[in-house]
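Listed here are the chains, written in short residue letters.
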Amino acid sequence: MERARVRAIGVPFALLLLLGLAARSVTSFDGLDDEVIRLAGLGEDLAEWPAELHEPIATADVNPFLWMLRHIDEPDRVNDHHYSRVPEALVGGAFGGSERETATIGGQDRESLESDAETFADELGQNPDDRQPSSVHRPGLTPPYRPPAAQHPDVETVDDGRQPPPFDTSSLFQHHFNSFFNTPLETGFFGTAGLPGFGFFDTNANRPWWKGENVCVEREEKEEDITSSDNDEVSVNGGTASGGSSFGFHGFSTFNLNVQSCAEKQHKYVCTSIKNVNGRKRTEKLTRQCCHGYGRPRNGPPNAHCQKLDLYSMEETVERLGAKEFVSTLKKSGLDATLENDVTLFVVPDSAYTTFAEQMWENNLVAFDPMARAKRAIDFASMTARDMILAHTVNGTYFIEDISNEQLLKTDLPGANIRINIYPRGPMAATVRDQSHAEHPYRYTANCAPLLKLNRVADRGIVHVVDRVLVPARNTLMDIIEVRDDMTLMRTFLEMTGLDKMLREQGDDKHYTIFAPNDDAFLKLDKDIRRKLKAGNGCAMNILKNHILDITFCSLAAVNGVKTSTYNMLNEKLEFEYAMVGKTRVPSSVEGELSEVEDEGKKTQRIRINGFATIEESDVVASNGVLHVIDSVLPTDSGMPISNTLGNHNLTVFKQLISDAGLEEEFDGMSNRTFFIPTDQAFEQTETGRYWIRQLKEHPESLRGNAALKEFLEYHVAEPLIKTCGLEETTIPTKAGQNVRVNLYTTNPVFTTVMNRATVNCARLVRFDEETCGSVVHEIDKVLDVPKTNLMEALSANPDYSMFQRMVSLTNLTELLTSPDSGLTLLVPKNDVFLEVDSWYQETLQNQDELERIIRAHVLPNVICCTGIVPSEWPFVRTTETISGHQLKLNRNRRPQVQNAGITKCDVVARNGIIHEINDVINVQPKRTSSTGAGSGNPFESFGSITRPLTFWFK
């Protein structure tokens, strides 16, 4: 009682200090002292003070601080009666108690361990009860007073006749002074509470909970060699948590790097320090958490300290959670000693346990369904009640927050683990949120069984409640599939594709989910698809991977009322939602047993995948994941042959040409290919495309075995499979034997290195990365004509280009235009252009130097398709360079433009480049030849022309 009363004096006394700060300019305090005492309620307390301390605040001491400082120098004026009662209460009360200040960790003051620097003691192990009291106190605080062993701390007088040490009131003032100015951020005046307030007078108000009472500290150390020669970089082991985190560097040099990170959780504060000194890395981990028997309230304030819990024995805790049958079986199995150890129990409610016991008894009946027996035998063969209890027992105490997703907990049953999975909660209206939703923002499962109650602390461990008996997960996913009579086809397909090896892998990082179609589901498929599956080719691999996840996806992950999505091994989205079905097969608490329910007037909610397949049997747990049985094969374009993909994407003309040519089976059997498929509109816009459309309508019988059609179709098939992320400016071989040229362009005027447009033989990719059976489809806006000529031959073949061809033949560029690997762009004016300037044309033919200069201005060293020429205005002017080094401006208004000429016909493809037909002769100025020095006229000659437009390179 005395202790509590003295703690309450802290705030009124602090009010005196605050009033003292506000009254520095007041010259007289007549009557103010009595009013302050009355308002602060100090009359009763001050009545016990000596009379000499009741003097008024004189005008000479205009600041109350001076009054306090003057009497601080007179500690002997405090009588014995006040000393024997007040200091002990103050030390254990508002100003930090003896329990707080004298608690040590390995012989070191805990307050020093909890400083902002988070330094760690070099020596641990000393018993806290063996330390010297005089060595354990915080600078600026009164040394703790320890009464004799036979004397209660609250006695009024000292009976042994000795003079008690004086009460050092200076430390009392110094404590408040330090709290205001010198304490760490989280405990000082400007603490975590935000704006300043009177709360700073109570040191416990803003103290972090992990610096409070009833906090235990655990320290781990690890030292290892580092193979790196310089050791400049050290990874930080730690993490973040919702509660907050801190991170700091405490030292750095060429050979020394110290890093510290701290993370706060609901009941734990962990600091990890990494010291790297000359090739040796030392890791120190300090964990602060509520001592056993103490905990922090989940719905309390963010800085709620550890409070004492009402703990019961393990047996009583389990019974209070409604699992009396579980305890009874444990005792009958001779496992009473388990309750005396520090363990984590996953207990089962009585209702679920009774159902399990009844089904176990039915499992031994002769008349039991042999098919269901075969499904369950793999999990319950030779399983006893003792094994069941051991499969629910884990050594050590595990709070659910300390367990990570996919973590395996080793049980006392050999070969059986419990896999913990964490899933987000679905959206829930504020009016219907229950207490569990407020306490735990996530949902947890143990071997896919939902956890109903979490973190129930007993005197010797922790208890979690699951909604059903946990099946020992000793067998792999492939083992489960092999023994099921309704999955013979699934087993065959997995073995043909080699995926069975993956489903046999085990380990902490091996976790899969397979949505396994039963035999009836595969029989619904088209015969051709079943044949491809049995062949084990790319189609089969993709179809099966469409049903496999590389995570553990329990049925609890699907939330009723919303769509839940995840991605499979093909990186394709799977969506899950509940739907009403009229007939379903419901799994019982014993995994593997099914009971079929059919009600004409009543429907049941079941999980559907992509709105197509229904989960008939869920959560068949394996040692490396979970299996769900579905009633239909999930369709995917990546598992369908090319003929199906063309039909699904409305590429009907190309599909019909393949079919009429008799090449459908050959194309469907292709794998590791890249298909460039023209759209139906592309066929209508080109001469070649219109020709093949007429043949389809007028002479379809002539297309079968047509060599020209076969070459045309195969020219759209490249090898190998290349998605857009792997495209480069290069040539790719096709099945027809000719190459296609890929070019990349950008339409961004600023980020000119970001390529966002791709062409193949100048046909633009309009849709891309559509996966098919072992291949990929890119849709293009033009048909691809097989080029038969090079650039020089193309000039000679077109009579409109004869005048330009004559100019080329008079220069030494003929060899360049016939080179098979040149990759050029040729800008060709038609004869009409030269006829308008016939006199200039004739003069140029007689001037060899001028002739070659003109021709070189029309040849670009790279391929620039019309789709790569976009609007270009100052200051983002785009240019390209000719083979003679001249810069030509590129722009687009009504049509693409190169320098002063407009392009009237785009992208005439040849084997070694392309031709653009233009309506003017490219006008470039002759290059000036200048010598270096002052006479050159350009003082920055070595930097090139600084007045020309920004360059843009198409590579």
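All values reported here derive from a predicted model rather than from experimental measurement. (Residues numbered from 1 in each chain as written. Predicted model: local features only at pLDDT ≥ 70, side-chain atom pairs only at ≥ 80, totals over all residues. Heavy atoms only, no water.)

Right, let's get into the overall build of the protein chain. The secondary structure content of the protein chain amounts to 33 helices and 39 strands. Counting the 955 residues in the protein chain, one finds 47% classified as buried. Residue pairs at least 24 apart in sequence account for 62% of intrachain contacts in the protein chain once pairs closer than 6 positions are excluded. Looking at the protein chain as shown, the accessible area adds up to about 47300 Å², and 50% of this sits on carbon and sulfur atoms. (Helix = DSSP H or I, 4+ residues; strand = E, 2+ residues; numbered from the N terminus. Buried < 20%, exposed > 50% of the residue type's maximum accessible area, 1.4 Å probe, protein only. Contact = heavy atoms within 4.5 Å. Areas by Shrake-Rupley, 256 points an atom, 1.4 Å probe, with all protein chains shown as cover.)

A few words on the state of the cysteines. Per the counting criterion, the structure on display carries 6 disulfides. Each sulfur in the disulfide pair C290 and C306 lies 2.0 Å from the other. Here C290 and C306 share a disulfide; its torsion about the S-S bond, -80°, makes the bridge left-handed. With C290 in strand β7 (residues 280–290) and C306 in the loop between β8 (294–295) and β9 (307–308), this pair connects stretches of sequence that are 16 residues apart. Neither C290 nor C306 differs from the other in exposure class; each is buried. Disulfide pairing places C448 opposite C554 at an S-S distance of 2.0 Å. (Disulfide = S-S within 2.5 Å.)

Within the open sheet, the 7 strands sit side by side as β18-β17-β25-β24-β23-β20-β19. Their pairing is mixed. Of all the strands in the sheet, just β18 (548–549) and β19 (564–567) have a single pairing partner and so form its edges. Pairing of β19 with strand β20 (residues 573–581), which is carried by 4 bridges, proceeds in the antiparallel orientation. Its bridge partner being in β20, T566 is matched across the sheet by L574. (Pairing = 2+ DSSP bridges.)

So, on to the sheet that holds strand β12 (residues 407–410). In a beta sheet, neighbouring strands are held together by backbone hydrogen bonds and run either parallel or antiparallel to one another. An order of β11-β10-β16-β15-β14-β13-β12 is seen for the 7 strands of this open sheet, with the pairing classed as mixed. Both outer strands of the open sheet, β11 (393–395) and β12, are each paired with one neighbouring strand and no more. Pairwise comparison of adjacent strand axes, ignoring direction, gives a mean angle of 30° for this sheet. Pairing between β12 and strand β13 (residues 417–424): 4 bridges, direction antiparallel. The residue of β13 that forms the bridge with L408 is R419. (Axes fitted to C-alpha atoms, helices over the stretch in contact; angles between N-to-C directions.)

Another point: helix α33 (residues 848–856). Each α-helix winds once per 3.6 residues, and so residues spaced three or four apart point in a common direction. Taken residue by residue, α33 has L851, R853, I854 and I855 as its buried positions. Where α33 is buried, its residues meet α29 (802–809), α32 (838–846) and β34 (859–860). With a side-chain oxygen lying 3.3 Å from the backbone nitrogen of D849, the N-terminal cap of α33 falls on N847. (Polar contact = N/O pair within 3.5 Å; in protein donor to acceptor, adjacent residues only side chain to side chain.)

Right, let's talk about the packing of aromatic side chains for a bit. A full pass over the atoms with the stated rule returns 11 aromatic pairs. Ring centres of Y691 and W692 lie 4.9 Å apart, and the angle between their planes is 70°; this geometry places the pair in the edge-to-face category. The exposure class assigned to Y691 is partly exposed, which follows from its relative accessible area of 38%. Each ring, one from W692 and one from F712, has its centre 5.8 Å from the other, and the planes form 35°; the classification is tilted. In this pair, W692 sits in helix α26 (residues 687–698) while F712 sits in helix α27 (residues 707–714), placing the two residues 20 residues apart along the sequence. In this structure, W692 and F712 share a single accessibility class: buried. (Phe/Tyr/Trp six-rings, centres within 6.5 Å; stacked < 30°, edge-to-face > 60°.)

A few words now on the pattern of salt bridges. Enumeration according to the criterion identifies 28 salt bridges in this entry. A salt bridge links R468 to D467; its shortest N-O distance comes to 3.7 Å. Among the charged side chains, a salt-bridge network with shared partners connects R219, E221, R282 and E284. (Salt bridge = Lys/Arg side-chain N within 4 Å of Asp/Glu carboxyl O.)

Listing the buried residues of α27 in full gives L709, F712, L713 and E714. Summarising the contacts, the buried residues of α27 are in contact with α23 (652–660), α24 (664–668), α25 (680–685), α26 and β27 (717–718). For α27, the N-terminal capping position is held by N706, with its side-chain oxygen 3.0 Å away from the main-chain nitrogen of A708.

For the rest of this paragraph, the subject is the packing of α23 against α26. Closest axis-to-axis distance for the α23/α26 pair is 11 Å, and the angle between their directions is 55°. Compared by their axis directions, α23 and α26 come out oblique. Crossing geometry of α23 relative to α26 is assigned as left-handed. Contacts between α23 and α26 involve V653, Q656, L657 and D660 from the first element and W692, I693 and L696 from the second. Tallied by class, the residues present in the contact of α23 with α26 amount to 5 nonpolar, 1 polar and 1 charged. (Parallel < 35°, antiparallel > 145°, perpendicular 65-115°, else oblique. Left-handed = near helix turned anticlockwise from the far one by under 90°. Nonpolar A, V, L, I, M, F, W, Y, C, P; charged D, E, K, R; others polar.)

Time to look at unusual backbone geometry. Leave glycine aside and you will find that most residues have negative phi; peptide bonds, for their part, are mostly trans. The omega torsion across E719 and P720 is 10°, close enough to zero to call that bond cis. The residue P720 is located in the loop between β27 and β28 (730–733) in this model. A positive phi angle, near 60°, is found at N571, a position not held by glycine. Here N571 is to be found in the loop between β19 and β20. With a relative accessible area of 61%, N571 lands in the exposed category. Here the phi dihedral of Q899 falls at roughly 55°; this positive angle occurs in a residue that is not glycine. Tracing the backbone shows Q899 in the loop between β37 (896–898) and β38 (901–910). Given the relative accessible area of 32%, Q899 is considered partly exposed.

What follows concerns the pairing of strand β26 (residues 674–678). Of all 5 residues in β26, 5 are buried; the element is thus mostly enclosed. Neither face of β26 is left uncovered, since the one carrying T674, F676 and P678 and the one carrying F675 and I677 both have all their residues buried. In this structure, β26 lies alongside β27, joined through 2 bridges in antiparallel fashion. Considered in β27, the bridge of F675 is made with V717.

Another aspect to go through is the confidence of the model for the protein chain. Within the protein chain, residue pLDDT values average 74, and 66% of them lie at 70 or more. Low pLDDT (under 50) marks residues 584–601, which in the prediction has 54 contacts with non-local residues, meaning those over four places away or in another chain. The low-confidence segment residues 930–955 (pLDDT under 50) makes 27 contacts with residues lying over four places distant or belonging to another chain. (pLDDT = per-residue confidence, 0-100.)

So, on to the environment of D619. Among the secondary structure elements, D619 is positioned in strand β24 (residues 613–622). Taking relative accessible area as the criterion, D619 reaches 4% and is therefore assigned buried. Once the C-alpha coordinates of D619 and T513 are considered, the two residues, 106 residues apart in sequence, prove to be 9.5 Å apart.

Another aspect to go through is the environment of A910. Within the fold, A910 resides in strand β38. Judged by its relative accessible area of 6%, A910 falls in the buried class. What A910 contacts, discounting residues up to four positions off in sequence, is P787, T789, N790 and L791.

For β20 and strand β23 (residues 604–609), the ladder comprises 6 bridges, and the chain directions are antiparallel. Bridge pairing in β23 places M580 opposite Q605. Across 2 bridges, the pairing between β23 and β24 is antiparallel. Note on β24: the bridge partner recorded for R608 is T614. Two successive antiparallel strands, β23 and β24, enclose a turn made up of 3 residues, where N610 displays a positive phi of approximately 55°.

Another aspect to go through is the side chain of D680. Mapped onto the fold, D680 is located in helix α25. With no salt bridge to any partner, buried D680 finds its closest opposite charge in K697, at an N-O distance of 11 Å. At 3.2 Å, the side chain of D680 and the backbone nitrogen of V653 are in polar contact. The residues touching D680, leaving out its near neighbours within four places in the chain, are N650, L651, T652 and V653. (Lys, Arg positive; Asp, Glu negative; His and termini not counted.)

Another point: the environment of A557. Checked against the element boundaries, A557 lands in the loop between β18 and β19. With 113 residues separating them along the chain, A557 and Y444 place their C-alpha atoms 9.4 Å apart. Among all residues touching A557, those that are not within four sequence positions of it are Y423, R443 and T564.

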